[in-house]
Amino acid sequence: MIKFNLNGGPQEVEADGDKPLLWVLRDDLGLVGTKFGCGLALCGACTVFIDGQPTRSCQTAISDVAGRNVVTIEGAKGKVAEAVQASWIKLDVPQCGYCQSGQVMAAVALLTNKRAPSDQDIDDAMAGNICRCSTYHRIRAAVHEAARMLGA
């Protein structure tokens, strides 16, 4: 039995310790907002926070989160997450939407640490998140809009 904190509450799962966190979240716990993209930690679709740090869940074993805090897109809350989500809606960022949970999580991490990011800061922070629809210009604009909403 592996115990950890998930989206603000205690969680226990019975799983092989090597099973990727992504599949525990999706298959065992029914939290399907975190997406499978590449399985190699290269695309960012599976991004979650582990102890506040954006982490690729496809390459993180469930045993690695024992006793730790995990936040998925379903649990992203607070002023920064709300501003990012509102800016995504206001600027109609998603096209197909598949990568957007990872994009949102990366944007929340950036704005949590830097409230007034430059274009370069945004590009650097979002570089590990691939959007097959190429909505990068809308993503950058939405990060700037979220920063404005947060008073930057």
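Because the structure is a prediction, the values reported are computed rather than measured. (Residues numbered from 1 in each chain as written. Predicted model: local features only at pLDDT ≥ 70, side-chain atom pairs only at ≥ 80, totals over all residues. Heavy atoms only, no water.)

Engineer: Can you tell me about helix α2 (residues 79-90), naming the residues and giving the values?
Structural biologist: The terminal C-alpha atoms of α2, which comprises 12 residues, lie 16 Å apart, in line with the 16 Å expected from a rise of 1.5 Å per residue. All of the buried residues in α2 are Val80, Ala81, Ala83, Val84, Ser87 and Trp88. Axial view of α2: buried residues confined to an arc of 165°, hence all on one face. The exposed residues of α2 that point more than 90 degrees off its buried face are Lys79, Ile89 and Lys90. At the C-terminal side of α2, Asp92 shows a positive phi close to 50°. (Helix = DSSP H or I, 4+ residues; strand = E, 2+ residues; numbered from the N terminus. Expected span 1.5 Å × (residues − 1). Buried < 20%, exposed > 50% of the residue type's maximum accessible area, 1.4 Å probe, protein only. Arc of directions from axis to C-beta.)

Engineer: Can you lay out the nonpolar core for me, pointing to particular residues and giving the numbers?
Structural biologist: Within the largest apolar cluster, 25 residues are counted, with the highest numbers of intra-cluster contacts made by Val84, Trp88, Val108, Leu111 and Val143. At 8 residues, helix α3 (residues 100-113) tops the list of elements feeding residues into this core. Not counting residues up to four positions away in its chain, the partners in contact with Val143 are Trp88, Ala107, Leu110, Leu111, Pro117 and Ile122. Phe4, Leu6, Leu21 and Val48 belong to the second largest nonpolar core, which has 13 residues in total. (Core = buried A, V, L, I, M, F, W, Y, C linked by side-chain atoms within 4.5 Å. Contact = heavy atoms within 4.5 Å.)

Engineer: Break down the sheet that holds strand β5 (residues 69-71) for me, with residues and values.
Structural biologist: Overall, mixed pairing links the 5 strands, which are arranged β2-β1-β5-β3-β4 in an open sheet. Looking at strand neighbours, the two that pair on one side only are β2 (9-13) and β4 (53-56), the edges of this open sheet. In this sheet, neighbouring strand axes are inclined to one another by 40° on average, regardless of whether the strands run parallel or antiparallel. Pairing analysis gives 4 bridges linking strand β3 (residues 47-50) to β4, with the strands arranged antiparallel. By the bridge assignment for β4, Ile50 is matched with Gln53. Against the sheet, helix α1 (residues 21-28) makes contact with β1 (2-6), β2, β3 and β5, and its axis sits at roughly 105° relative to β3, the strand it touches most. Of the strands in this sheet, β3, β4 and β5 touch α3, which is tilted by about 40° from β3. (Pairing = 2+ DSSP bridges. Axes fitted to C-alpha atoms, helices over the stretch in contact; angles between N-to-C directions.)

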